[in-house]
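Residue-level structural notes
Now for the letters of each chain:
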Amino acid sequence: MEITVRGLWTMIHGMGFGALYLMAGSGALVELYRRYSSPLGPEITEQDEKFLRIYLTAMAVLAWLTVLTGAYIIYPWYRAVPPSGAASLAEFPQRLLMSSPSTSAWHSIGMEWKEHVAWLVPISITMAATVFSQYRRSLRIHPELRAAVLGFVWISLFAAGIAGFFGAMLNKNAPVTGGSTITLFQGEAQGEQK
Amino acid sequence: MSAKTAAGAPQVMLNPNGAGAAAVLAAGLGSFAVAVFAILADKAAPIKSLMNFYKPTGPLSGVTTCAIVIWLAVWALLHRRWLWRNVEIGRVTAAAFILLFLSLLLTFPPLADLF
């Protein structure tokens, strides 16, 4: 059971930081809506506020980690140019996708959208975390600010969903592979089937 | 913000909406800047090469760095100006949502290619 270093980083980026962000997003929306939607809503304790403040801040950290690992660790491997006369494009995902009309749009639409739209996520969630930390329960008496925070969290989830979907599909069609190999478990080769 | 009364019970205090409005509008502008810089780098070769801050990542490094710098600069500026003020928050949030929505649309390659 082996994984390449590039494959591991891709997993950390997508299934680690990115997927965790997507899962955390729905929780943030529920908490923000349930507790802060009405001035007469349920009582908010200091502990509740501290929890949501840390939760939103952790989401912002996840969002930044996702885009930074994506842009500065994985993307250079994705867009690497093969040497002339390369026998295989397996380690050059962008060129591999563009080599066939049946896959080129995964790059020209999928990656081109993903690489830009993903940056709306950390910007939006950093704003939401900061505004929440500044206003906390007084968001109940600032309905427009509350709506803005909720709206930006919604759109950050939508943008993260786009990036996540295309990330998964790109990795399915042209995975980022290569680099040294890490052996997770040593298996046994099966002989003839009985 | 909240403060504690003498009895220790949390108390809600009114505070101006300016700081929040500054953060919201700056986030809208920062997102829009991502889309604008991406289109500029895609359409103009000199800008594309200018945006190549980190060669392995290519123009994406410059596009996103410039957008982040603009976002943070606008945020700092608006924060200083609006910190103790109540602004027309409805108009500010509407503008921020329009900018954010445009960013979603303009980062979509078939629409970005119309320019």
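A word on the interface of chain B and chain A. In this assembly, 49 residues from chain B lie in contact with 41 residues from chain A. For the pair chain B and chain A, the number of links is zero salt bridges. Our count for the contact surface shared by chain B and chain A stands at eight residue pairs in polar contact (both at pLDDT 80 or more). Contributing elements (two or more residues each) for the side of chain B that touches chain A: strand 1 (2-4), strand 2 (10-12), helix 1 (18-43), helix 3 (59-82), helix 4 (89-106) and helix 5 (109-112) of chain B. With twelve residues, helix 1 of chain B is the single largest residue contributor to the side of chain B that touches chain A. Considering only residue class, the side of chain B that touches chain A consists of 29 nonpolar, 18 polar and two charged.

Let's shift gears to the packing of aromatic side chains. The geometry of an aromatic ring pair comes down to the distance between the two centres and the angle between the two planes. Residues and elements named next belong to chain A. According to the stated counting rule, one finds twelve aromatic pairs over all chains in the structure shown. Centroid distance Phe51 to Tyr55: 5.7 Å. Interplanar angle 40°. Geometry classified as tilted. Residue Phe51 and its partner Tyr55 are both found in helix 2 (residues 46-78); the two are separated by four residues, about one turn of the helix. With a relative accessible area of 25%, Tyr55 lands in the partly exposed category. Seen from their ring centres, Trp64 and Trp119 are 6.3 Å apart, and the 70° between their planes marks the pair as edge-to-face.

For the largest pocket, the calculated volume is near 720 Å³. What lines the largest pocket is a set of 35 residues, and nearest its centre among them are His13, Gly14, Lys114, Ala163 and Gly167 of chain A. Within the residue set of the lining of the largest pocket, elements represented by two or more residues are helix 1 (5-36), helix 2, helix 4 (104-117) and helix 6 (143-173) of chain A. By residue number, the principal contributor to the lining of the largest pocket is helix 1 of chain A, which donates ten residues. Tallied by class, the residues present in the lining of the largest pocket amount to 23 nonpolar, ten polar and two charged. The calculated volume of the second largest pocket comes to roughly 480 Å³. Glu112, Glu115 and His116 of chain A together with Asp42 and Lys48 of chain B are the residues nearest the centre of the second largest pocket, which is lined by 26 residues in total. Among the secondary structure elements, those contributing two or more residues to the lining of the second largest pocket are helix 3 (93-98) and helix 4 of chain A together with helix 1, helix 3 and helix 5 of chain B. The class makeup of the residues in the lining of the second largest pocket is twelve nonpolar, six polar and eight charged.

Moving on: the pattern of salt bridges. Applying the stated criterion across every chain, the model contains six salt bridges over all chains. Of the charged contacts, one joins Glu31 of chain A and Arg34 of chain A as a salt bridge, the two residues approaching to 3.3 Å between their closest N and O atoms. One end of the pair is Glu31 of chain A and the other is Arg34 of chain A, both in helix 1 and three residues apart, which spans about a single turn. Among the salt bridges present, the one from Glu88 of chain B reaches Arg91 of chain B, with a minimum N-O distance of 3.5 Å. Here the salt bridges share partners, and the residues they tie into one network are Glu46, Glu49 and Arg137 of chain A.

A few words on a nonpolar patch on the surface. All names here are of chain B. A surface patch of nonpolar side chains, amounting to about 690 Å² of accessible area, comprises Ile98, Phe101, Leu102, Leu105, Leu111, Leu114 and Phe115. Per-element accounting of the nonpolar patch gives the leading share, four residues, to helix 4. Relative to the helices and strands, Leu102 resides in helix 4.

What counts and how
- Residues numbered from 1 in each chain as written.
- Chains lettered and ligands numbered in written order.
- Predicted model: local features only at pLDDT ≥ 70, side-chain atom pairs only at ≥ 80, totals over all residues.
- Heavy atoms only, no water.
- Contact = heavy atoms within 4.5 Å.
- Salt bridge = Lys/Arg side-chain N within 4 Å of Asp/Glu carboxyl O.
- Polar contact = N/O pair within 3.5 Å; in protein donor to acceptor, adjacent residues only side chain to side chain.
- Helix = DSSP H or I, 4+ residues; strand = E, 2+ residues; numbered from the N terminus.
- Nonpolar A, V, L, I, M, F, W, Y, C, P; charged D, E, K, R; others polar.
- Phe/Tyr/Trp six-rings, centres within 6.5 Å; stacked < 30°, edge-to-face > 60°.
- Buried < 20%, exposed > 50% of the residue type's maximum accessible area, 1.4 Å probe, protein only.
- 1 Å grid on protein atoms, 1.4 Å probe; cavity = no way out; pocket = protein on both sides within 12 Å on 5 of 7 lines; lining within 4 Å.
- Points joined across faces, edges and corners; volume = space filled by probe spheres on them.
- Patch = residues over 30% accessible without salt bridge, like charges linked within 9 Å, V, L, I, M, F, W, Y side chains within 5 Å.
- Areas by Shrake-Rupley, 256 points an atom, 1.4 Å probe, with all protein chains shown as cover.

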